[in-house]
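Descriptive analysis of the structure
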Amino acid sequence: MEQKAVHLDRETFSCSICLDLLKDPVTIPCGHSYCTNCIKDHWDTEDEKRIYSCPQCRKSFTPRPELLKNTMLAALVEQLKKTGLQAAPADLCYAGPEDVACDVCTGRKLRAVKSCLQCVASYCEKHLQPHYQSAAFKKHKLVEPSEKLQENICSRHDEVKKIYCRTDQQCICMLCSMDEHKGHDTVSAAAERTERQRELEGSRHNIQQRIQDREEDVKLLQQEVEAINGSADKAVEHSEKIFTQLIRLMEKRCSDVKQQVRSQQETEVSRVKELQEKLEQEITELKRKDAELKKLSHTEDHIQFLHNYPSLSALSESTHSSSIKIGPLKYFEDVTAAVSELRDKLQDVLRETWTNISLTETQVDVLVSQPENKTRADFLRYSCEITLDPNTAHTWLLLSEGNRKATLGSQQQSYSDHPDRFTDYHQVLSRESLSGRCYWEVKWRGGVYLAVAYKNIRRTGITKECGFGHNDKSWSLYCDKNSYKFWYNNINTPVSGPLSSRVGVYLDHSAGILSFYRVSDTMTLLHRVQTTFTEPLYAGLRLCNFEDSAEFCKLK
């Protein structure tokens with residue numbers, strides 16, 4: 001009892017603004033007391049109104065009252081502090097803005113520790129005791145404090161909701177089950193909770209399993225990253241080593257060729273200079289002989305001429321010019337040609353090898369696998385609305401049904417000139433570009449090409465560059481009453497499968513998947529393409545004969 005009195009004292013001597021023990025307490029004219037700083041700060045915010053009010057009783061004062069310290073109250077607060085109870089006990093924790101307050105407490109409410117579903121009320125520890133002590137409350141259901149207890153009360157009959165209507169998927173009270181929900185499939189809320197709890201546990205199990213699977217996938221992907229990095233590092237290191245060796249080998253071969261050329265150059269130059277010196281000596285000798293003969297030719301003494309002529313007319317053996325063979329000035333062009341040939345061969349080898357290296361590059365395309373679509377409901381998750389672009393339609397195509405249907409008519413339409421229009425093939429493209437995962441269905445009659453194409457497909461001329469499926473910018477499934485054929489890059493592939501006037505088309509742009517299906521609840525695959533799409537795609541139609549038609553269906 002004494003401790004409870006102390007608790008009351010503490011509450012009495014607390015400031016209602018800061019919720020703590022009073023500090024430098026002052027009492028305002030209405031009798032309520034506050035910390036000096038707390039009431040000053042509060043009134044400072046009211047200066048503009050020039051009317052000052054009490055935060056508790058809202059009584060107003062004009063002018064602003066003078067604040068005087070309440071010495072007696074200050075002494076009592078100091079005495080209370082000496083007891084050592086600086087904080088309120090757990091059972092006196094007051095409710096804050098985010099707490100559920102006790103519905104029984106008056107004045108300043110304590111924080112609720114439990115809510116009762118039968119009483120539709122929340123209780124603090126003190127006011128909850130009867131639920132623990134009295135037999136009348138033994139069967140009451142206590143839960144964690146909740147602010148939504150009123151949702152458990154029927155707004156029409158003011159009764160606790162204890163029944164679940166499976167027909168209308170909502171909780172109701174007993175009177176509701178006998179009134180507007182009479183004849184409905186109803187069970188107790190507890191029974192429905194048990195059923196839903198079982199489903200919840202199943203869902204949690206599935207989620208936990210998926211979490212575990214995804215964590216394993218993350219580990220595998222991390223291992224893949226490490227393997228990729230390790231392999232790339234080894235490849236770079238090995239390539240650098242090999243290319244360094246090749247560079248050194250080429251440098252050595254270059255040095256050898258230079259040395260051999262210079263050595264042969266020195267030998268040949270020496271040989272030529274030696275011969276050149278001999279020729280120059282012979283020239284000198286011949287000039288001297290020519291001078292003597294000239295002098296002799298001018299001698300007037302016949303006896304003297306005849307005496308000297310035999311000795312002067314004899315010539316030494318000559319190095320005749322015909323023995324010197326000077327070929328075309330291409331002494332080392334064979335070396336140049338050989339080196340050039342080596343360069344060309346190396347370039348060819350490097351080009352071919354580089355192509356092989358490029359072809360063997362591993363594209364890292366690790367995707368978390370998506371569950372395969374099996375039912376029509378699976379595909380409808382990716383359904384998209386497609387409309388035809390009149391600016392692309394051939395002038396013999398009539399568009400209707402909000403530009404979802406194309407019919408090949410017997411007369412031209414009054415379309416305006418446009419650079420996007422197909423001028424020769426009876427074709428039309430969609431307004432919408434397609435990327436990501438998309439699904440649509442086409443209802444057709446006659447002979448029809450169901451296609452996807454890049455925007456830059458050619459529009460004019462009767463060439464394979466324009467027709468859907470006859471180039472590398474479009475893919476198409478040809479449908480008629482007898483068969484299917486798939487066309488790409490002017491190559492057709494026969495397609496087996498049950499004929500149907502309604503075909504579903506599924507596109508996974510990033511995965512490079514294009515599939516065609518016979519539409520039914522379970523869906524029948526007609527043809528699938530696995531490729532790489534480099535640009536957004538557009539849905540297309542091509543009609544072959546008059547009165548043929550195709551329509552993009554509205555999907556629910």
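These notes cover the structure that comes with them.

Criteria and cut-off values
- Residues numbered from 1 in each chain as written.
- Predicted model: local features only at pLDDT ≥ 70, side-chain atom pairs only at ≥ 80, totals over all residues.
- Heavy atoms only, no water.
- Helix = DSSP H or I, 4+ residues; strand = E, 2+ residues; numbered from the N terminus.
- Buried < 20%, exposed > 50% of the residue type's maximum accessible area, 1.4 Å probe, protein only.
- Contact = heavy atoms within 4.5 Å.
- Salt bridge = Lys/Arg side-chain N within 4 Å of Asp/Glu carboxyl O.
- Axes fitted to C-alpha atoms, helices over the stretch in contact; angles between N-to-C directions.
- Parallel < 35°, antiparallel > 145°, perpendicular 65-115°, else oblique.
- Left-handed = near helix turned anticlockwise from the far one by under 90°.
- Nonpolar A, V, L, I, M, F, W, Y, C, P; charged D, E, K, R; others polar.
- Pairing = 2+ DSSP bridges.
- Phe/Tyr/Trp six-rings, centres within 6.5 Å; stacked < 30°, edge-to-face > 60°.
- Lys NZ or Arg CZ within 6 Å of the ring centre and 35° of its normal.

So, the overall build of the protein chain
Helices and strands together make up the secondary structure of the protein chain, namely 9 helices and 23 strands. Expressed as a percentage of the 556 residues in the protein chain, the buried residues total 28%. Long-range pairs, those at least 24 residues apart, make up 53% of the contacts in the protein chain with a sequence separation of at least 6.

Quick word on the pattern of salt bridges
The full count for this structure, using the stated rule, is 21 salt bridges. Between Glu195 and Arg198 there is a salt bridge; the shortest N-O distance is 2.7 Å. Residue Glu195 and its partner Arg198 are located together in helix α6 (residues 189–297), separated by 3 residues, close to a single helical turn. Residues Lys345 and Glu341 are paired through a salt bridge, measuring 3.4 Å at the closest nitrogen-oxygen approach. Of this pair, Lys345 and Glu341 both sit in helix α8 (residues 333–359), separated by 4 residues, roughly a single helical turn. Judged by relative accessible area, Glu341 falls into the partly exposed class, the value being 44%. Each member of the salt-bridge network shares a partner with another, and the members are Arg166, Glu192, Arg196 and Glu199.

Remarks on the packing of α6 against helix α7 (residues 302–313)
Orientation of α6 relative to α7, taken along the N-to-C sense of each, is 165 degrees, at an axis distance of 11 Å. The angle between α6 and α7 places the two elements in the roughly antiparallel class. Of the two elements, α6 crosses α7, and the hand of that crossing is left-handed. Facing α6, whose interface residues are Lys289, Glu292, Leu293, Leu296 and Ser297, α7 presents Phe305, Asn308, Tyr309, Ser311, Leu312 and Ser313. Per-class residue counts for the contact of α6 with α7 are 5 nonpolar, 4 polar and 2 charged.

Structural notes on the pairing of strand β15 (residues 448–454)
For β15, the tally of buried residues reaches 7 of 7 residues, placing the bulk of the element in the interior. Bridge count for β15 against strand β16 (residues 474–479) is 6 bridges, and the pairing is antiparallel. Bridge pairing links Val448 to Cys479 in β16. Two strands pair when backbone bridges link them, and β15 and strand β22 (residues 537–543) are joined in this way by 7 bridges, in the antiparallel orientation. Looking at β22, one finds that Tyr454 is bridged to Leu537.

Structural notes on the sheet that holds strand β11 (residues 397–400)
Overall, antiparallel pairing links the 7 strands, which are arranged β11-β12-β23-β14-β19-β20-β21 in an open sheet. The two strands at the open ends of the sheet, each matched to only one other strand, are β11 and β21 (524–530). Neighbour-to-neighbour, the strand axes of the sheet open up by a mean angle of 20 degrees, direction not taken into account.

Overview of the packing of aromatic side chains
The tally for this structure, following the rule as stated, stands at 13 aromatic pairs. Aromatic pair Trp43 and Tyr52: ring centres 6.0 Å apart, planes at 65 degrees, arrangement edge-to-face. Measuring from centroid to centroid gives 4.7 Å for Phe379 and Tyr517, while their planes differ by 55 degrees, and the two rings are tilted. Of this pair, Phe379 sits in helix α9 (residues 376–380) while Tyr517 sits in strand β20 (residues 513–518); the two residues are 138 residues apart in sequence, bridging distant segments of the chain. When its relative accessible area of 1% is taken as the criterion, Phe379 is described as buried. With relative accessibility at 5%, the residue Tyr517 sits in the buried group. Through a chain of ring-to-ring contacts, three or more aromatic side chains come together here, namely Phe379, Tyr382, Tyr439, Tyr506 and Tyr517. The ring of Phe422 has Arg459 lying over it, and the distance from NZ or CZ to the ring centre is 5.1 Å. Directly above the aromatic system of Tyr449 lies the positively charged group of Arg542, at a separation of 4.4 Å from the ring centroid.

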